[in-house]
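# Survey of secondary and tertiary structure
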Amino acid sequence: MSELRRPWFTLTKNGSVLPAVIEVVLGALGLVVQLLTITSGGPVETITLIVCVVAVLLVAQGVADLVWWSRGDRRARAQSDAS
């Protein structure tokens, strides 16, 4: 059994960068679209605010994943364990 223990907030099992980058990009894109909707001057619906919160959480998840895996050679150890 590996000594490398991931915290609850990491989604990737082998330190892959692509899923975390996709999370950040999708979250940022969703946030931009929702902010444009809010600033358009129309009435703000509840779903718009919910999507904004989810987008911020998605960006935070991706950044936390990237930061955690980049510390202390964790990515290399996880990839060598998977081989």
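Residues numbered from 1 in each chain as written. Predicted model: local features only at pLDDT ≥ 70, side-chain atom pairs only at ≥ 80, totals over all residues. Heavy atoms only, no water.

### Some points on the overall build of the chain
Put simply, the rule is: Secondary structure counts use DSSP, requiring at least four H or I residues in a row for a helix and at least two E residues in a row for a strand, with both numbered from the N terminus. Relative accessibility thresholds used throughout: buried, under 20% of the residue-type maximum; exposed, over 50%; partly exposed, between the two (1.4 Å probe, protein chains only). Only heavy atoms enter the contact rule, under which two residues are in contact if any of them lie within 4.5 Å. Throughout, the Shrake-Rupley method with a 1.4 Å probe supplies accessible areas, and for residues the shown protein chains are the sole cover considered.
Along the backbone of the chain there are three helices and zero strands. Taken from N to C terminus, the helices and strands of the chain fall in the order α-α-α. Here the chain, with 83 residues, has 20% of them falling under the buried criterion. For the chain, the share of sequence-separated contacts (at least 6 apart) that also reach a separation of at least 24 residues comes to 76%. Just so you have it, the chain exposes about 5,800 Å², and 68% of that area is on carbon and sulfur atoms.

### Comments concerning the environment of T48
In this fold, T48 is placed in helix α2 (residues 46-70). On the basis of relative accessibility, which here comes to 8%, the residue T48 falls in the buried class. A sequence separation of 14 residues divides T48 from Q34, and the C-alpha atoms of the two residues are 6.1 Å apart. The residues touching T48, leaving out its near neighbours within four places in the chain, are Q34, T37 and I38.

### Some points on unusual backbone geometry
Phi is positive for D73, which is not a glycine, with a value near 65°. Along the chain, D73 falls in the loop between α2 and α3 (74-82).

### Observations regarding the packing of aromatic side chains
Any pair of aromatic rings gets described here by the distance separating the centres and the angle formed by the planes. Let me state the cut-off plainly: Ring pairs shown here join Phe, Tyr and Trp side chains whose ring centres sit within 6.5 Å, with only the six-membered ring taken for Trp; geometry is labelled stacked below 30 degrees between planes, edge-to-face above 60, and tilted in between.
If you walk through the whole model with that rule in mind, you get one aromatic pair. Relative to W69, the ring of W68 has its centre 4.9 Å away and its plane inclined at 85°; by these criteria the two rings are edge-to-face. In this structure, W68 and W69 share a single accessibility class: buried.

### Here's the deal with the packing of helix α1 (residues 17-39) against α2
Put simply, the rule reads: Inter-axis angles, ranging from 0 to 180 degrees, are taken between N-to-C directions of lines fitted to C-alpha atoms, where helices are fitted over the stretch in contact. Small angles under 35 degrees read as roughly parallel and large ones over 145 as roughly antiparallel, with 65 to 115 read as roughly perpendicular and the rest as oblique. Crossings are assigned a handedness: left-handed for a near helix turned anticlockwise from the far helix by less than a right angle, right-handed for a clockwise turn. Put simply, Ala, Val, Leu, Ile, Met, Phe, Trp, Tyr, Cys and Pro go in the nonpolar bin, Asp, Glu, Lys and Arg in the charged bin, and everything else, Gly too, in the polar bin.
Where α1 meets α2, the closest approach of the two axes is 8 Å, and the angle between their N-to-C directions is 155°. Judged by the angle between their axes, α1 and α2 are roughly antiparallel. As for how α1 packs across α2, the hand of that crossing is left-handed. Grouping the constituent residues of the contact of α1 with α2 by class yields 17 nonpolar, seven polar and two charged.

Function-wise, these values are silent; they only describe arrangement.
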